[in-house]
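# Structural features, examined
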Amino acid sequence: MSNELLMHPMTFSDNLPILTNESRIVDLSMNFRHSILFGLLIFSACRGPDSVGSEPNTPDAQADMRPLDAASLPVDKGQATWPFKWSVPDVHSLDVRQSEKLTQKISKKLKQLCSKTGLLKSSTTDDFKAKWVRVSSTKDVHDRIRTRTYSVDESELELAAFNARWRAMRGDFLSLTRCKVKVFETLIGLRGQGAWLKADLFIEGIYGDGQRYSLRGQLGIVSDIASNRFRGLRLIRAKHRTTIRTDFENVTQHVGAIMARSQESQAIFKKQLDSGLVQTVGGLSVIDWNADGRDDLMAWDTRRLLQIFVNDGQAGFNSVTRLIPAEAVGLHMVLLDLNSDGQHDLVSSQLVGCEAGEAWFGLYQQKSDGFKSLGKRLKFKTDCNGFRARRYQHIATSDVDGDGDLDIFFAGFAAISSSRNRGNVYQTNGGLENLLFLNRGQHRYREVARAGGFAGEDQTYVGKFFDMDEDGDDDLLTVNDFGVNRTYENLGRGRFREMHTPGLSDNGQSMGVSVVDVDGDQTLDVYISNMYSYAGNRIVPLVQKDFKPDTYKTLFGLTQGNTYYKKAQNGFKDHAREMGLAHAGWAWGQAVFDIENDGDLDIYVANGNATHSDARAPDY
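Notes on the structure follow.

So, about the pattern of salt bridges. As enumerated under the stated definition, the model contains 19 salt bridges in all. Close ionic contact of Glu355 with Lys376 constitutes a salt bridge, the shortest N to O distance being 3.0 Å. With Glu355 in strand E16 (residues 345-355) and Lys376 in the loop between strand E18 (370-373) and strand E19 (379-381), this residue pair connects regions lying 21 residues apart in the sequence. Residue classification places Lys376 among the partly exposed residues on the basis of a relative accessible area of 41%. The residue Arg486 makes a salt bridge to Asp458 at a minimum N-O spacing of 2.6 Å. Of the two residues, Arg486 sits in strand E26 (residues 486-492) while Asp458 sits in the loop between helix H7 (449-452) and strand E24 (459-466), which places them 28 residues apart along the sequence. Linked by salt bridges that have partners in common, Asp519, Asp521, Asp525 and Lys566 make up one network.

Right, let's talk about helix H3 (residues 96-110) for a bit. Structurally, the α-helix is built with 3.6 residues per turn, so residues lying three or four positions apart point the same way. With 15 residues, H3 should cover 21 Å at 1.5 Å per step; its first-to-last C-alpha distance of 21 Å lies within 8% of that length. By the burial criterion, the buried members of H3 are Val96, Gln98, Ser99, Glu100, Leu102, Thr103, Ile106, Ser107 and Leu110. Those residues of H3 hidden inside the fold are in contact with strand E4 (92-93), strand E7 (175-188), strand E8 (194-206), strand E9 (212-224), strand E10 (229-243) and helix H8 (534-539).

Spatial strand order, E20-E21-E22-E23: four strands in an open sheet with antiparallel pairing. Every other strand in the sheet has two partners, leaving strand E20 (390-398) and strand E23 (445-447) as the edge strands with one partner each. Taken pair by pair, the neighbouring strands of this sheet meet at an average axis angle of 25 degrees, ignoring direction. Relative to strand E21 (residues 407-415), E20 runs antiparallel, the two being bridged by eight bridges.

On to the packing of aromatic side chains, then. Within this structure, the stated rule accounts for 20 aromatic pairs. Relative to Phe496, the ring of Phe454 lies with its centre 5.1 Å away and its plane at 50 degrees, an arrangement referred to as tilted. On the criterion of sequence distance, the pair formed by Phe454 in the loop between H7 and E24 and Phe496 in strand E27 (residues 495-499) is long-range, its members being 42 residues apart. Accessibility expressed as a relative area gives 2% for Phe454, which makes it buried.

The next thing to look at is the pairing of E16. Burial analysis of E16 places nine of its eleven residues in the buried class, the great majority of the element. Pairing of strand E15 (residues 333-336) with E16 involves four bridges; the strand directions are antiparallel. By the bridge assignment for E16, Met333 is matched with Ser348. Judged from the seven bridges that link them, E16 and strand E17 (residues 358-367) form a sheet pairing that is antiparallel. By the bridge assignment for E17, Val347 is matched with Leu363. Once E16 ends, the chain turns through two residues before running back antiparallel as E17, passing Ala356 with a positive phi of about 50 degrees.

Structurally, the position occupied by Asn163 is in helix H4 (residues 159-170). Residue classification places Asn163 among the buried residues on the basis of a relative accessible area of 11%. Those residues in contact with Asn163 that lie beyond four places of it in its chain are Leu119 and Leu120.

Rules used throughout
- Residues numbered from 1 in each chain as written.
- Predicted model: local features only at pLDDT ≥ 70, side-chain atom pairs only at ≥ 80, totals over all residues.
- Heavy atoms only, no water.
- Salt bridge = Lys/Arg side-chain N within 4 Å of Asp/Glu carboxyl O.
- Helix = DSSP H or I, 4+ residues; strand = E, 2+ residues; numbered from the N terminus.
- Buried < 20%, exposed > 50% of the residue type's maximum accessible area, 1.4 Å probe, protein only.
- Expected span 1.5 Å × (residues − 1).
- Contact = heavy atoms within 4.5 Å.
- Pairing = 2+ DSSP bridges.
- Axes fitted to C-alpha atoms, helices over the stretch in contact; angles between N-to-C directions.
- Phe/Tyr/Trp six-rings, centres within 6.5 Å; stacked < 30°, edge-to-face > 60°.

Rendered as structure tokens:
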């Protein structure tokens, strides 16, 4: 997905850049390279200072609530003058701009924990104190992974003791592959003297013996604003994981599963990734291309290349290319038997032609030497102007009318041009219409979504058919970016009507969905990929007073990450946080499978954007 960053027209006296990408709240990084805020929150950065909690009404008390300029506070060689306490104050400032400026400063200082020495040096006050953790449990998983869980130890440490324990926990790495500290809460006391922050900690590395190490934890930070130093730091909890031996090894090069890109194309692709011009470039699926019982691979680059990797049965693959025209390769490609004749059919989400007010998707039938085009079978009426720029993001199939043939749903996202130069979008109605083609047999199809009134105007990322109301037929869930997800009840004969399903109809700014019995209780669960936002977690609670309760609940919900719904008495209920499934970063999608071959299902979440080709450069 192309993420174009637009500079919001509102500017600030301190030159704090606020970048917007449609309606998304995502991570405000240390250097603000790809900081993104909702337009609904932008105005809050210009608010006057305020506080949350009990608010005194006297003029003197109100004056005391104004955050002070750090330069006006006394500083004596790192000695703070205000009473220290670990707990967050009941009343704190609501000044978003001040909070974000402080977050940026503290985040830079926290990078010392990721330095080669890993030591806090000149960033602490004279009376700095720390709290550490103690081991609460150790567990070996299948002789492959050793997990050590820590909980807080209330005894206090001085700086030297903290640095020693931090170094010991961090370990001696042959290479440190990842170290990040991400602040998700910043609260400033009434007079702007002290601040209380919480941050997630991520460390990964490789020991000299090849074992992989990871540490995930949560830090609590007490900061003195006047001296811009840490006054207290505690490790609230942590989980240390050592991979004794890995189950996966990258063998792509060895088995010949390499995409056939020219050096010029690869260089352009690399430049796009490194510069943050991330694109949804295609996908990968497992098929049986030649019906020999072996798993083959189908991979594609949108509007560039469709490639089949045929399993040779000897731990290698033979590549087959030039199967369909490059301009016919869509964001999503599906290989299946649409008319029960024993031959594969290939469906592309790319519109390949438009004439006289009718556009059509790519549809092909497999032959011994490749694919044969079936022409304009998947056609519908539309304006042909700019038809190639329209993005249909996903294809879903089901026999929705019960006639024995698979019907085809196309998830309409947006025209590429329509997502540019547009203001912030909280809940868009400017997406492409979804399309549903009923299969009447012999490759004859009729589009019914628009006439049936359930095409919608959302920016749909994924459509998923399953029996939501347990009446024996497949209903439809559409997972939408920049708006609420929607559920549609199957009325039979290809007719649907929208229904509100608590939980599943939430606004999640979603991009992926899996429907599967994750916990083995014989009922289908729904796992949806959204975005966990550090910036949103910091900012949204500070502007709660400015929104109606329902609006605030929705906004805060958009910051909380992925959702895991189980069937409830009335709709579906989210259990992601209690199951540890919510916090998965900027999530695009997931795969559910038994990674460990231990008989239960695991979830692999694809998240983030792009890793820079230079390991020393920041990722996007």
